[in-house]
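Descriptive structure summary
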Amino acid sequence: MPEPASLAELLRFQIEAGADTAIEEAPVDRYRKAAPAPSPEPPPAVAARPAARAATVALTPSSAAEASARELAAGCRNLAELRAALERFEGCALKETATKLVFADGNPEARIMLVGEAPGRDEDRQGLPFFGESGQLLDRMLAANGLDRTRVYVTNILPWRPPGNRSPSPEETTACLTFLRRHIELVAPAILVLLGGVSTATLLARSEGITRLRGRWFDFPLGESSIPAIPLFHPAYLLRQPAQKREAWRDLLEIKHKMERLT
Ligand code: URA
């Protein structure tokens, strides 16, 4: 049995490496889990289905995941189906390490839809977006504008927490984005509020930073039409840079005026 001091050292190392949450009681050897399971049946005769076999070989794992995401998302007719489709989707590695699916919070009938970046530790445990410290600030920002979660709908680019809050890979983001686009279509909000630089860059495909883009209106294309979208500083950034709350306040007023103009 190792000494308590070296166990504590090992734990510290793991936390620094990003493994800051105990997900299960016992360790799981994920390399072992990834090994292909022995096939219970002999493989089908290749000559019998040449076309299907050729298609399988041509798909790389990431394009297969994208194709699966597109098919699943397109078939969802409501939010309950979309949530169930995400629960079934096996094409995103983030799901393996996340504790819970973080789908959305708030009122799906709301005219304002907010899109953040990704669940953190608190959201991963709770299964709700913006549940931790930045969520509390978000709620205060909304309240200052006469809003709360009964009057907005909140989700994230990623529905699963990246382990140790690492940046997601492009493949992970692409697969999740397919579901998010369907999510936005189903909610059909009057406006989209993009919280932070990642959400803004991902949904608007702009290269400028959030400081240049915040407070301005853009068209988020969706199907045949588009939805007005406005980037805002992320609450987590405002917690680190409270002096920027003044700009965020200005942007919230702009949202309020836009909503008045739209009604
Ligand atoms: N930050 C986000 O972008 N989303 C959350 O749900 C929590 C923190």
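Let me begin by describing the structure that accompanies this report. Within each chain, residues carry numbers counting from 1 in the order of the written sequence. Where local features are concerned, this predicted model is filtered to residues with pLDDT of at least 70; where side-chain atom pairs are given and counted, the filter is 80 or more; whole-chain, interface and lining totals use all residues. Side-chain calculation: all heavy atoms of the structure are included, whereas hydrogens and water are not.

Things to note about the sheet that holds strand S1 (residues 105–106)
Between any two strands, pairing holds if DSSP finds at least two bridges. We count a stretch as a helix when DSSP gives it H or I for four or more residues in a row; a strand needs E for two or more, and each element gets its number in order from the N terminus. In space, the six strands of this open sheet follow the order S1-S3-S2-S4-S6-S5, with mixed pairing throughout. Each of the sheet's edge strands pairs with one partner strand only, and the pair in question is S1 and strand S5 (218–222). Relative to strand S4 (residues 191–195), strand S2 (residues 112–116) runs parallel, the two sharing four bridges. Pairing of valine 115 across the sheet is with leucine 194, part of S4. Note on contacts: a residue pair is in contact if any heavy atoms of the two residues lie within 4.5 Å. Angles here are taken between N-to-C directions and fall from 0 to 180 degrees, while the axes themselves are lines fitted to C-alpha atoms, restricted in helices to the stretch in contact. Each of S2, S4 and strand S6 (225–232) is contacted by helix H13 (residues 245–262), which is oriented at about 155° to S6, the strand it contacts most.

Digging into the packing of aromatic side chains
Two aromatic rings, taken as a pair, are described by how far apart their centres are and by the angle between their planes. Each Phe, Tyr or Trp ring, with Trp reduced to its six-membered ring, pairs with another whose centre is within 6.5 Å; inter-plane angles below 30 degrees give stacked pairs, above 60 give edge-to-face pairs, and intermediate values give tilted ones. Going through the model one piece at a time under the given rule, you end up with two aromatic pairs. Only lysine NZ and arginine CZ atoms are considered, and such an atom sits over a ring when it is within 6 Å of the ring centre and within 35 degrees of the ring normal. Of note, lysine 258 hangs over the ring of tryptophan 217, and the distance from its end group to the ring centre comes to 4.7 Å.

So, the nonpolar core
Nonpolar core, defined: a set of buried Ala, Val, Leu, Ile, Met, Phe, Trp, Tyr and Cys residues in which side-chain atoms within 4.5 Å join the residues together. Throughout, exposure labels follow a simple rule: accessible area from a 1.4 Å probe, protein chains only, divided by the maximum for the residue type, with under 20% read as buried, over 50% as exposed, and the rest as partly exposed. Core analysis: the biggest nonpolar cluster contains 38 residues, and Trp160, Ile184 and Leu192 have the highest contact counts within it. Of all the secondary structure elements, the ones that give two or more residues to this core are helix H4 (61–74), helix H5 (79–88), S2, helix H9 (170–187), S4, helix H10 (197–204), S5 and S6. If you tally residues by element for this core, the top one is H9, at six residues. Excluding residues that lie within four positions of it along the chain, isoleucine 184 makes contacts with Met113, Pro189, Leu192, Leu203, Phe220, Leu222 and Ile227. Counting 22 residues, the second-largest nonpolar core is a separate cluster that includes Leu114, Met141, Val193 and Met259.

With respect to the site of the ligand
Each residue is tested against the molecule or strand, and it is near if at least one of its non-hydrogen atoms lies within 4 Å. Contacts to the ligand come from Gly116, Glu117, Ala118, Glu123, Pro129, Phe130, Ser134, Asn156 and His234. In this structure, histidine 234 approaches the ligand through a side-chain N or O atom, which is 2.8 Å from an oxygen atom. Within the complex, 92% of the 230 Å² of free accessible area of the ligand lies under protein. Any residue with an atom within 4 Å of a point lines the site, the site being either a cavity, points on a 1 Å grid over the protein atoms alone where a 1.4 Å probe fits but cannot get out, or a pocket, an open set with protein on both sides within 12 Å along at least 5 of 7 lines. Each molecule is assigned to a cavity or pocket provided more than half of its atoms lie within 2 Å of the corresponding grid points. When atom positions are compared with the pocket grids, the ligand is found to occupy the second largest pocket. The definition of a polar contact used here is a pair of N or O atoms within 3.5 Å, where within protein one atom must be able to donate a hydrogen and the other to accept one, and adjacent residues in sequence count solely through side-chain atom pairs. Residue burial considers only the protein chains on display, and all accessible areas are found by Shrake-Rupley using a 1.4 Å probe.

As for the layout of surface pockets
To find leftover empty space, a probe the size of one water molecule is rolled over the atoms. Grid points are joined across faces, edges and corners, and a volume is the space filled by probe spheres set on the points. There is about 610 Å³ of room inside the second largest pocket. Lining the second largest pocket are 31 residues, with Ala118, Gly120, Ser134, His234 and Ala236 positioned closest to its centre. Residue assignment for the lining of the second largest pocket shows that the elements contributing at least two residues are helix H7 (121–126), helix H8 (133–144), H10 and helix H12 (235–240). Residue contributions to the lining of the second largest pocket peak at four residues, all from H12. Its residues placed into classes, the lining of the second largest pocket shows 13 nonpolar, nine polar and nine charged. Residues are grouped as follows: nonpolar covers Ala, Val, Leu, Ile, Met, Phe, Trp, Tyr, Cys and Pro; charged covers Asp, Glu, Lys and Arg; every other residue, Gly included, is treated as polar.

Some points on the side chain of serine 134
Mapped onto the elements of the fold, serine 134 is located in helix H8. We classify serine 134 as buried; its relative accessible area is 15%. Not counting residues up to four positions away in its chain, the partners in contact with serine 134 are His234, Pro235, Ala236 and Leu239.

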